[in-house]
Amino acid sequence: MATCSVGNGEDETLGKMKRERTRRSYENGNATRRQILKIGAGAALALPLTVPRPAKAQNEDFDVIVIGAGISGLAAARRLNELGFSVVVLEATSQVGGRIRTDWSLGAPFEVGAGWIHRPDGNPISRLAADIGAPTAVTPDESFQVFAKDGQAIPASVIEAKYFDLERLYTRIDTTFDKDQPLSDAIRRVSKGSLQDPVLRWMMSAYTEFSTGAPVEKLSAYYFDEDDEYDGADVVLPGGYDQIPKSLADGLDIRRNTLVESIEYEEGNGAAVHTSKATFESSFVICTVPLGVLKKRIITFDPPLPKAHQKSIDEIGFGSVTKLALKFERAFWPEGTQYFGYMSEPKGRWNYFVNYRTISPENILLGVSVGDYPFVAEKMSDADMIADCMSALRAMFGQNTPEPIGHLATRWSEDPHTLGAYSYTAVGNTPADFDRFATPVANTILFAGEHTTFDFHGTVHGAYLSGLAAADRVQRALAK
Ligand SMILES: Cc1cc2nc3c(=O)[nH]c(=O)nc-3n(C[C@H](O)[C@H](O)[C@H](O)COP(=O)(O)OP(=O)(O)OC[C@H]3O[C@@H](n4cnc5c(N)ncnc54)[C@H](O)[C@@H]3O)c2cc1C
Ligand SMILES: NC(=O)Cc1c[nH]c2ccccc12
């Protein structure tokens, strides 16, 4: 398989020299805390133990440990590897890609996580796709049909006019208030009744709640749409999004099924990373686990993280988005239409459907639940989730709509290694809460991942760029 390069063209020998220098600095002088930890572990083994434990091999030692083999971790590891540093990636699951995962079991590329390269012009993920020769296909935003709650088809002209109303509403919110508040409250204040207007209400959910991954009741009215984007019409990868992380992973030292449990660190002495398998040591750690994992404190930091970092972890929002792919014997919908909208209640319940016939021969509709509803849907059994989604499809396409012959459901809020879909700007958050993650902790622990960049949070490109930025910081520090 062709592989992507994230290198910046720097001479490989230079990287190797830096690596040698780092190693020498550990080997000289007094015992570092990492060496003391190592001695401590050996000493503990000498003590009589009630339960005999297998003797541990000596801890493996690297310049950099990257935690998580999602796109941010892979980008960081690949760049540092290309520069000649010794890098290991520790990944809890058996797979690479994290929130990029393609399931072909229905015969088409069902994207469990990320589906689109949003605004592909200038987007670094487009370059990665081009580097490996992965074709992309436009999913045209203007190809849609929206249905009212009772199944009545709404003319496209009505949707387009309301879209401009929504834009105007959001602009007024931007310029009206001097205090942050939930987006839903701000909407009520600037335009009483908008939240009850069925078309606007659908758009607020299908567009805003989908793109931010959060209910309008929890989004910051100040910052919910202040992030950045590139240009062009969204594209998908008909050969599967996972081609991108797989190509980045090629040739890296990735330890799968290795759950990081705790990290001991000290300025100047690096870190000891304790996992379900072994302890690893390094000068730097790049931690890319999802915000949901950090919130739940699944990894213990010793000493605890600084208050400012912990505040970002605790306060930045992390929502969910549920996808349900339903495969049918035949297409009972207009095969050329890209998207179908449904003005459901509650508002985030199966309100958006992607037609797979535009990118594959399979008769698949992909339903999406957003806002608060994923936390309801993801608690359902598959059978209940299908029945719930089918009631929306039957309202749209008629009571005779057939049962599906296959399905795939996602439950990101229940996945123990993610615990949600992507980060959002909650009421009271500021861009600085995200960007604070760029500050290394004790010159040893760095963070990367979609939640560590305000401008592109919640996206593949944001995560990827954050990984490269963390690698550059490590490179500069190791070069000193
Ligand atoms: C349903 C859904 C739809 C999306 N749609 C899009 C889209 O269309 N376009 C877009 O640009 N973005 C989309 N996104 C967002 C995008 O997928 C993410 O922003 C991006 O993939 C996150 O990458 P990451 O490296 O930050 O984290 P992840 O990909 O989550 O990587 C983190 C890794 O850490 C591992 N890990 C967790 N805990 C531990 C531990 N204790 N020890 C070791 N490893 C651990 C995880 O298993 C995972 O592999 C979507 C996300 C979801 C969930
Ligand atoms: N995770 C995402 O893809 C967020 C996003 C950005 N722009 C969008 C447009 C539509 C749906 C989601 C998004």
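All of these numbers come straight from a predicted model, not from anything done at the bench. (Residues numbered from 1 in each chain as written. Chains lettered and ligands numbered in written order. Predicted model: local features only at pLDDT ≥ 70, side-chain atom pairs only at ≥ 80, totals over all residues. Heavy atoms only, no water.)

Novice: Explain the nonpolar core residue by residue, including any values.
Specialist: Core analysis: the biggest nonpolar cluster contains 50 residues, and L183 and M204 have the highest contact counts within it. Elements supplying a minimum of two residues to this core: β7 (144–147), α5 (156–176), α6 (183–190), α7 (198–212), β18 (352–355) and β19 (364–369). No other element matches the seven residues that α7 contributes to this core. If we skip the residues at most four places from it in the chain, L183 touches Y170, I173, T208, V216, L219, A221 and F224. Counting residues in each nonpolar core, the second largest holds 42 residues, with A77, L83, V87 and L237 among its members. (Core = buried A, V, L, I, M, F, W, Y, C linked by side-chain atoms within 4.5 Å. Buried < 20%, exposed > 50% of the residue type's maximum accessible area, 1.4 Å probe, protein only. Helix = DSSP H or I, 4+ residues; strand = E, 2+ residues; numbered from the N terminus. Contact = heavy atoms within 4.5 Å.)

Novice: Before we move on, could you go through the site of ligand 2 and cite the residues and values that matter?
Specialist: Near ligand 2 the following residues occur: H118, F210, S211, Y422 and G458. Between an oxygen atom of ligand 2 and a side-chain N or O atom of H118, the distance comes to 2.6 Å. At 2.6 Å, a backbone N or O of G458 approaches a nitrogen atom of ligand 2. For ligand 2, whose accessible area on its own is 330 Å², the fraction buried by protein is 71%. Classifying every residue of the shell around ligand 2 by side-chain character gives two nonpolar, three polar and no charged. (Near = heavy atom within 4 Å. Polar contact = N/O pair within 3.5 Å; in protein donor to acceptor, adjacent residues only side chain to side chain. Areas by Shrake-Rupley, 256 points an atom, 1.4 Å probe, with all protein chains shown as cover. Nonpolar A, V, L, I, M, F, W, Y, C, P; charged D, E, K, R; others polar.)

Novice: So what about helix α4 (residues 124–131)? Which residues, and what values?
Specialist: Restricting attention to buried positions, one finds in α4 the residues P124, I125, L128 and A129. What you see down the axis of α4 is that its buried residues fit within an arc of 145°, all on one side. Those residues of α4 that are buried are in contact with β5 (116–117), α8 (243–249) and α14 (460–479). Residue N123 occupies the N-cap position of α4, its side-chain oxygen lying 2.9 Å from the main-chain nitrogen of I125. Directly beyond the C-terminal end of α4, a positive phi value near 70° is found at G133. (Arc of directions from axis to C-beta.)

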